[in-house]
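Notes for the structure review
Single-letter residue listing:
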Amino acid sequence: MLIKSQICYRIKSAISLIMLGLLFGCMRETLTTVQYKQATHLSQIDEILSHSGYKAEDILVVFDFNYTLMYPLVSCLHKNNIDKNKQEFKTIISRLSHEQADKMLSRMMANTSQNLINNALPSFLGKYAKVNFLVCSSALAKNADAYLDLLEKNGVKITNNYNLQNFEFSKFPEYISGYPVYKNGIIATNRNSKGKILLSFLKKIPIVPKLIVFVDNSADKLEDVKAAVKSLKNTNLIIVEYQEYKNKSVPEVSKDEFLKYWNEQIDKFLHQM
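Residues numbered from 1 in each chain as written. Predicted model: local features only at pLDDT ≥ 70, side-chain atom pairs only at ≥ 80, totals over all residues. Heavy atoms only, no water.

Structural notes on helix α2 (residues 42–50)
- Listed as buried for α2 are L42, I45, D46, I48 and L49. With its buried residues spanning 160° around the axis, α2 presents them on a single face. (Buried < 20%, exposed > 50% of the residue type's maximum accessible area, 1.4 Å probe, protein only. Helix = DSSP H or I, 4+ residues; strand = E, 2+ residues; numbered from the N terminus. Arc of directions from axis to C-beta.)

Structure follows, in structure tokens:
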């Protein structure tokens, strides 16, 4: 009886160990680590990649476009001057409906001369040629071509190894110019959630990246991505609040100059409708 009792005990212990192993195995599978970092220079993104410990093909780096990769050269259009004249801007823009304002501002950002936030971006992308890159912008879908052109004029080509054909995210709501789109390395979310769009994109590629580095100047957008990516398995996420554009010397404009510029832009937009 003693031997039988010992055998039963050992069987139960073995089953318990197996169950614990399965439990902790599942926990490891569903665990997603999230790190938050701030950066004021592209070299800090370089440092993250060079010390990541991952193979290049297992990494996905996602950049926002406006004020992360490029910024507008027109002073009145620059975020710094809009923020400085925030109340006046709200009053002026109220002349348009929400959709009209969105169309006008989107068109202006796409068609205005812009500079790279950091001129070393082409060499940075060349250094990490085997890493997968995306641009994910909240822009309207039809801005994708304009953004690609702006990057190309500045010697920048966004590349990845996913071999995806261009497509629409047709399961998401339409807005103004259609559905969110993926085109030649750029995602234009068409004002949809960046986090949800990113998850949808990841479902289209054969292997989910082991490391995702999401770089954006907006803390709110980063939180949105963080909330969405938490549901992934076996993925590490580094969200980077990127503020290099604040180091750019953008001429301040007077209130009168600001008001004159924006009223002219709205008059021009309404005349073209």
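Quick word on the confidence of the model for the chain
- The share of residues in the chain with pLDDT of 70 or more is 89%, and the mean pLDDT across the chain is 89.
- Here residues 14–28 scores under 50 on pLDDT; set against residues more than four positions off or in separate chains, the count is 1 contact. (pLDDT = per-residue confidence, 0-100. Contact = heavy atoms within 4.5 Å.)

Looking at the sheet that holds strand β8 (residues 186–188)
- The 8 strands are arranged β1-β10-β9-β2-β5-β8-β7-β6 in an open sheet whose pairing can be described as mixed. The sheet is open, and its two edges are formed by β1 (33–39) and β6 (167–168), each paired on a single side.
- Strand direction decides the pairing type here: strand β2 (residues 59–63) and strand β9 (residues 211–216), joined by 5 bridges, are parallel. Bridged to F63 within β9 is V215. (Pairing = 2+ DSSP bridges.)

Digging into the environment of A227
- Within the fold, A227 resides in helix α9 (residues 219–229).
- Through-space distance from the C-alpha of A227 to that of V34 is 10.0 Å; in sequence the pair is 193 residues apart.

Observations concerning the nonpolar core
- Counting residues in hydrophobic clusters, the biggest one holds 60 residues, and the most contacted among them are I45, F63, F124, F133, L151, V213 and W262.
- For this core, the element with the most residues is helix α7 (residues 144–153), which contributes 6 residues.
- With residues near it in sequence (within four places) discarded, V213 still touches I48, L49, L60, V61, V62, I238 and V240.
- One finds I197, I205, I212 and L237 within the second-largest nonpolar core, a separate group that totals 25 residues. (Core = buried A, V, L, I, M, F, W, Y, C linked by side-chain atoms within 4.5 Å.)

A word on α7
- Those residues of α7 lying buried are A144, A146, Y147, L148, L150 and L151.
- Those residues of α7 hidden inside the fold are in contact with β3 (70–72), α5 (98–111), β4 (114–116), β5 (132–137), β7 (181–183) and β8.
- A positive backbone phi angle near 75° is found at G155, which sits one or two residues after α7.

As for the packing of aromatic side chains
- Throughout the structure, instances matching the rule amount to 15 aromatic pairs.
- A ring pair is formed by Y261 and W262, whose centres lie 5.3 Å apart and whose planes are at 90°; its orientation type is edge-to-face. Take Y261 and W262: they sit in the same class, and that class is buried.
- Ring pairs connect the aromatic residues Y162, F167, F169, F172, Y182 and F201, which therefore count as one cluster.
- Here the basic side chain of K204 rests over the ring of F167, its NZ or CZ set 4.7 Å away from the ring centre. (Phe/Tyr/Trp six-rings, centres within 6.5 Å; stacked < 30°, edge-to-face > 60°. Lys NZ or Arg CZ within 6 Å of the ring centre and 35° of its normal.)

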